[in-house]
Amino acid sequence: MSTQTTSLTAKDARPVTTQTLLEMREAGTRIAMLTAYDYTSARILDASGADVLLVGDSASNVMAGHETTLPITLDHMIYHAQCVVRGVQRALVVVDLPFGTYQGSSREALRSAIRVMKETGAHAIKLEGGERVVETIDRLVTSGIPVMGHLGLTPQSIYKFGTYKVRAREDEEADQLRADIKRLEEVGCFSVVLEKIPAALATEVTESVSIPTIGIGAGGGTSGQVLVTHDMLGLTVDFNPRFVRHYASLAETVTGAVQQYVQDVRDGTFPDESESY
Ligand SMILES: Nc1nc(=O)c2c([nH]1)NC[C@@H]1CN(c3ccc(C(=O)N[C@@H](CCC(=O)O)C(=O)O)cc3)CN21
Ligand SMILES: CC(C)C(=O)C(=O)O
Ligand SMILES: [Mg+2]
């Protein structure tokens, strides 16, 4: 088995493709995905070795301050994706199709996805759902647009479920997810996100398909992991589900830096001579 084309390090600038992700799964190399919404962050995440950057509709929460992902528009998502693409050399850039831009018909979905691909230079799109979006995914994939699926907790359906509790704990919903992931694979998704489902189920369905799965709150048995970057950096201090591991406490760091700056301005110690002309 050849692993020659599998990109592993930040220094290896060979662009990650959907094929690379498949090879990583086959080689047992776990895939690291993070969200990105702007140029400056995307550049740092890309250079730090993130394999996939997701321009998530979580931008609705994280960037715009909305309570849910429902309000963000296709124009907003395209703007964020354009910014991210400018900062990326290696990572695969995937863009969420926002609520209301693909559910109406496969024709509407294709129009939305084509806008993303044409106007941003991103490499793939992601959309939420199983059986009910299979026809749509078929149309996108047939048109040459790589599609990532998203099963389990699907935040665009929050008002249908009413809570962000763990999904597919009961047999009926678990069986539906088992069937959904097979359908997503059959119709040509290159990967599927599994959000907030029991680890045992995520492991089982990962083994039932040959495409890579990317987990968030789905345990360690998936082919890769995704987190919202602002969560893992400790910027979103009021969002603390157990699946978030904090790799930094940037809210504290920023608070300290800004307090110091304010004090220095008040004191007149900033700027000093070396910082003046
Ligand atoms: N900052 C951020 N991070 C995310 O992971 C994220 C977003 N925003 N916005 C879009 C969706 C929404 N997501 C969510 C939202 C809530 C929980 C959650 O576990 N909420 C509660 C538990 C609720 C319950 O048990 O009823 C919690 O523990 O915080 C998980 C994923 C994931 N996505
Ligand atoms: C949490 C990930 C999977 C997502 O869909 C988003 O950030 O919008
Ligand atoms: Mg999303």
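The structure displayed is predicted, hence computed values, not measured ones.

Colleague: Can you help me understand the site of ligand 2 in this one?
Modeller: Near ligand 2 you find Thr35, Leu54, Gly56, Asp57, Ser58, Asp96, Val193, Glu195, Ile216, Val226 and Val228, and these make up its full shell. Per-class residue counts for the shell around ligand 2 are 5 nonpolar, 3 polar and 3 charged.

Colleague: Sorry if this is basic, but what is going on with helix α4 (residues 74-86) here?
Modeller: Every α-helix carries 3.6 residues per turn, so stepping three or four residues along brings you back to the same face. Here α4 spans 18 Å end to end across 13 residues, near enough to the 18 Å set by a 1.5 Å rise per residue. Three or more residues of α4 are buried, namely Leu74, Met77, Ile78, His80, Ala81, Val84 and Val85. With its buried residues spanning 165° around the axis, α4 presents them on a single face. If you follow the buried residues of α4, they end up packed against α2 (39-47), β2 (52-55), α3 (59-62), β3 (92-96) and α5 (106-120).

Colleague: Looking at this model, I keep getting lost on the UniProt feature "binding site: Mg(2+)" (unreviewed entry) in the protein chain. Mind explaining?
Modeller: When the UniProt feature table is mapped to this numbering, "binding site: Mg(2+)" (unreviewed entry) covers Asp57, Asp96 and Glu128. A maximum C-alpha distance of 10.9 Å is found for the annotated residues, which run over 72 residues; spatially they form one tight group. Along the chain, the position of aspartate 57 falls in the loop between β2 and α3. Of the residues examined, aspartate 57 has 29 C-beta atoms within 10 Å and is grouped as buried. Filtering out sequence-adjacent residues up to four positions away, aspartate 57 remains in contact with Thr69, Ile72, Met77, Asp96 and Pro98. If you trace the backbone, glutamate 128 turns up in the loop between β4 (124-126) and α6 (134-142). What glutamate 128 contacts, discounting residues up to four positions off in sequence, is His150, Thr154 and Gln156.

Colleague: Can you walk me through the pairing of strand β7 (residues 213-216) in this structure?
Modeller: A regular strand places its side chains on the two faces of the sheet in alternate fashion. Here β7 shows two buried faces, one formed by Thr213 and Gly215 and the other by Ile214 and Ile216. As defined by bridge partners, strand β6 (residues 191-195) adjoins β7 across 4 bridges and the pair is classed as parallel. Its bridge partner being in β7, leucine 194 is matched across the sheet by glycine 215. On the question of chirality, the crossover connecting β6 to the parallel β7 by way of helix α9 (residues 199-207) is right-handed. Sheet analysis places β7 next to strand β8 (residues 224-227), joined by 2 bridges and oriented parallel. In the strand pairing of β8, isoleucine 214 is matched with glycine 224.

Colleague: Which parts of the structure should I look at to understand helix α1 (residues 18-27)?
Modeller: Those residues of α1 that sit buried are Thr20, Leu21, Met24 and Arg25. One side of α1 holds all its buried residues, which, seen down the axis, span an arc of 140°. Those residues of α1 that are buried are in contact with β1 (31-35) and β6. In the segment just after α1, glycine 28 is the residue with positive phi, at about 75°.

Colleague: Is there a simple way to explain the site of ligand 1 in this structure?
Modeller: Lining the immediate surroundings of ligand 1 are 17 residues, of which Ser58, Pro155, Tyr164, Val228 and Pro241 lie closest. Considered class by class, the residues forming the shell around ligand 1 number 7 nonpolar, 7 polar and 3 charged.

Colleague: What's the story with unusual backbone geometry in this structure? I'm lost.
Modeller: With an omega of 0°, the peptide bond running from phenylalanine 270 to proline 271 counts as cis. Looking at where proline 271 falls in the secondary structure, it is placed in the segment after α11 (250-267). Within the chain, lysine 196 stands out as a residue other than glycine whose phi angle is a positive 50°. For lysine 196, the location among the structural elements is in the loop between β6 and α9.

Colleague: Got a minute to help me understand the UniProt feature "binding site: 3-methyl-2-oxobutanoate" (unreviewed entry) in the protein chain in this structure?
Modeller: Those places that UniProt annotates as "binding site: 3-methyl-2-oxobutanoate" (unreviewed entry) correspond, in this numbering, to Asp57, Ser58, Asp96 and Lys126. Across 70 residues in sequence, these annotated residues keep their C-alpha atoms within 12.6 Å of one another, forming a single compact spot. Checked against the element boundaries, serine 58 lands in the loop between β2 and α3. Look at serine 58 and you get buried, because 21 C-beta atoms sit within 10 Å. Those residues in contact with serine 58 that sit more than four places away from it in its chain are Thr35, Thr69 and Val228.

The rules behind each value
- Residues numbered from 1 in each chain as written.
- Chains lettered and ligands numbered in written order.
- Predicted model: local features only at pLDDT ≥ 70, side-chain atom pairs only at ≥ 80, totals over all residues.
- Near = placed C-beta within 6 Å.
- Nonpolar A, V, L, I, M, F, W, Y, C, P; charged D, E, K, R; others polar.
- Helix = DSSP H or I, 4+ residues; strand = E, 2+ residues; numbered from the N terminus.
- Expected span 1.5 Å × (residues − 1).
- Buried ≥ 20, exposed ≤ 12 C-beta atoms within 10 Å, placed from the backbone.
- Arc of directions from axis to C-beta.
- Contact = placed C-beta atoms within 7 Å.
- UniProt positions renumbered as here; feature names shortened; annotations may be inferred.
- Pairing = 2+ DSSP bridges.
- Right-handed = clockwise from strand over helix to strand, strands pointing away.

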